[in-house]
Amino acid sequence: MMIHVAFCLDQSYVMPCGVAMNSICANTPDPVCFHALISSNVTDEARQQMESMVVSHGKTIEFHVIDSSNVDGTYSNADIGYISKSTYYRFLIPDVLPADVSKVIYLDGDLITLDSLRPLWDTELGPEEPAAIVGDWGADDVRHHNAIGIPMSQPYYNCGVMVLNLDCWRKEGLGAICLKHAQEHDYPYMDQDVMNVLLGSRIKRLHFKYNCLILLLTTPEEELRLEKDKYFDEIHEACKHPVILHFVGDRKPWHEGCPFSSEWLEYKAASPWKDVPLQQMPYTLWLAVKYLARRDSDVQDIDSVAAPMVALAVRLAQRHPRAFSLFRKVVWTLAKKYHLLEKQ
C-alpha cells in the first residue's frame, strides 16, 4: 500500500528536505509517494535533484507549485528566522493533493527518519480526528498555553510530524479555517499554534519516538523527570530508539557543530547535496556571543574576542551536547537581559 508523505518548502529548504527524503528512502522499503508543496522560487535543478534521488530508490514524487499569495497576511515571527511562510502551505495540503489520497504524513524539513514509516502510516484515525501528532517538549508550559489561550489540561503538540486525516479536513474545510485564523492572529509559533488552538482538543497523541525532538537528547534526565514524569518512560524509549529525529530550534544539522548530527550527515553524504558546505553557527547565537564579548572588552576588533567563545561553543556541541545546551541557555539569558539580540 502506497505511503504518502508531504513536505512544504521554498528554495532555502531544498537541501534539508532532500536529505529527509533520502533517509525515508533508505529506511522505508514500502512504496512511497512524496508530495512537495514548493514555492515558485524552487529551481528546476532542485526539482530534478529531488526527483532523480527518489526515483533511484524506487519511490515517486509529485511537485505542487504554490502561489505565495495564498498565504498573504499570515504572521511571520522575526524571532524565529529559520521558519519561512512556506510553513503555512500545510493548510493547503487537503486541497492540493489528489482527492483519492485520504491520508498523508506531513514532515518538517529539519529531520531524518531512522526506521520505517510504515507503523506511523498505519495509525488509525477516527472520522472526527483531524490528525495524530506528538506532544511538544519545549513549548508545553503554562506561559505558552496562556500566550495562545489554551487550557493547561490540553496538551500542546509539535506539528513537525503529523498524520493528517484528509477526509476530515476536506469535509469540514479545516484548511481554509486554519489559514483564515492564521491571518487574524500573530501567534509566536505561527501555524503550529493555529493547529493547537483550533484542533488541539481533537488530536490523537502519538508516541514520542515518532518525533524525537533533539531537545530531549540534550535535557538531563532529572529535568525530564521533573517536567515530564508522566511520559518519562516513553520519552526514554524514544531517545534510545527514535523513528524520527527532529532538529528543532535554531541549531540545524547543516550548521557546523550541531549536536547529534552524525546520522543526518551520513544521509547528506549519500545525496545530491553531498558537496554543499555546512553553514556557520546560527546568526542569532553569534550575535549574542559577539555582543557579550563587546560588553566586556574595550578593543575594536570584537570578532577576535567573540571568536574563541564561538569556537568553545562548537567544541562543546561536538563533544559534550549537554554542556553546550547549558552554555547556550546562559548566553541567551544574558543576551536577553542586556538586550543584545537586536541587529546593530
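Tallied over the entire structure, the rule returns eight salt bridges. Note that Arg118 and Asp30 form a salt bridge whose closest N and O atoms lie 3.1 Å from each other. Taken together, the residues span a long stretch of sequence, with Arg118 in helix H4 (residues 118–121) and Asp30 in the loop between helix H1 (14–27) and strand S2 (32–39) at a distance of 88 residues. Each of the two residues, Arg118 as well as Asp30, counts as buried. Arg205 serves as the salt-bridge partner of Glu234, at 2.9 Å between the closest nitrogen and oxygen. In this pair, Glu234 is assigned in helix H11 (residues 232–240) and Arg205 in strand S8 (residues 204–206), connecting sequence segments 29 residues apart. The class for Glu234 is buried, based on a relative accessible area of 15%.

Let us look at the sheet that holds S2. Taken together, the seven strands give an open sheet; going across it, the order is S3-S2-S1-S4-S7-S6-S8, and neighbouring strands pair in mixed fashion. Both edges of this open sheet fall to strand S3 (60–66) and S8, since each of them pairs with a single strand only. Mean inter-strand twist for the sheet, computed between neighbouring axes without regard to direction, equals 30 degrees. When strand S4 (residues 103–107) meets strand S7 (residues 157–165), the two strands line up antiparallel, connected through five bridges. Of the residues in S7, the one forming a bridge with Leu107 is Val161.

Here the focus is the pairing of S4. Looking along a regular strand, one sees the side chains alternate between the two faces of the sheet. Of all the five residues making up S4, five are buried; the element is thus mostly covered by neighbouring parts of the structure. Every second residue of S4 is oriented toward a common face, with Lys103, Ile105 and Leu107 on one face and Val104 and Tyr106 on the other, all of them buried. As judged from the two bridges shared by strand S1 (residues 3–9) and S4, these two strands associate in the parallel manner. Residue pairing for S4: Val5 is matched across the bridge by Ile105.

The subject of this paragraph is the packing of aromatic side chains. Both the distance between ring centres and the angle between the ring planes are used here to describe each pair of aromatic rings. As enumerated under the stated definition, the model contains four aromatic pairs in all. Judged by centre distance (6.4 Å) and plane angle (40 degrees), the rings of Phe7 and Phe34 are tilted. Placement of the pair is Phe7 in strand S1 and Phe34 in strand S2, with a sequence separation of 27 residues. Residue Phe7 shares its accessibility class with Phe34, and that shared class is buried. Between the aromatic rings of Tyr88 and Phe91, the centroid separation amounts to 6.4 Å while the plane-to-plane angle is 45 degrees, which identifies the pairing as tilted. Each member of the pair Tyr88 and Phe91 is classed as buried. Put simply, the rings of Tyr13, Trp254 and Trp264 touch in pairs and so form one group of aromatic residues. A cation sits over an aromatic face here: Lys103 above Trp121, 4.7 Å from the ring centre.

Turning next to the side chain of Arg90. Relative to the elements of secondary structure, Arg90 occurs in the loop between S3 and helix H3 (93–96). Looking at Arg90, its side chain comes within polar contact range of the main-chain oxygen of Cys159, at 2.9 Å. Setting aside residues no more than four positions away along its own chain, Arg90 makes contact with Cys8, Tyr106, Asp108, Cys159, Met162 and Asp191.

The next thing to look at is the side chain of Asn22. Relative to the helices and strands, Asn22 is located in helix H1. Reaching out from Asn22, the side chain makes a polar contact with the side chain of His57 at a distance of 3.3 Å. Beyond its immediate chain neighbours, meaning those up to four positions away, Asn22 contacts Met53, His57, Tyr267, Ala270 and Ser271.

What follows is about the environment of Pro127. Inspection of the secondary structure puts Pro127 in the loop between H4 and strand S6 (131–135). What makes Pro127 exposed here is its relative accessible area of 66%. Counting along the chain gives 42 residues from Pro127 to Trp169, while the straight-line C-alpha distance between them is 9.9 Å. The contacts of Pro127, once residues within four sequence positions are left out, are Asn165 and Cys168.

Criteria and cut-off values
Residues numbered from 1 in each chain as written. Predicted model: local features only at pLDDT ≥ 70, side-chain atom pairs only at ≥ 80, totals over all residues. Heavy atoms only, no water. Salt bridge = Lys/Arg side-chain N within 4 Å of Asp/Glu carboxyl O. Helix = DSSP H or I, 4+ residues; strand = E, 2+ residues; numbered from the N terminus. Buried < 20%, exposed > 50% of the residue type's maximum accessible area, 1.4 Å probe, protein only. Pairing = 2+ DSSP bridges. Axes fitted to C-alpha atoms, helices over the stretch in contact; angles between N-to-C directions. Phe/Tyr/Trp six-rings, centres within 6.5 Å; stacked < 30°, edge-to-face > 60°. Lys NZ or Arg CZ within 6 Å of the ring centre and 35° of its normal. Polar contact = N/O pair within 3.5 Å; in protein donor to acceptor, adjacent residues only side chain to side chain. Contact = heavy atoms within 4.5 Å.

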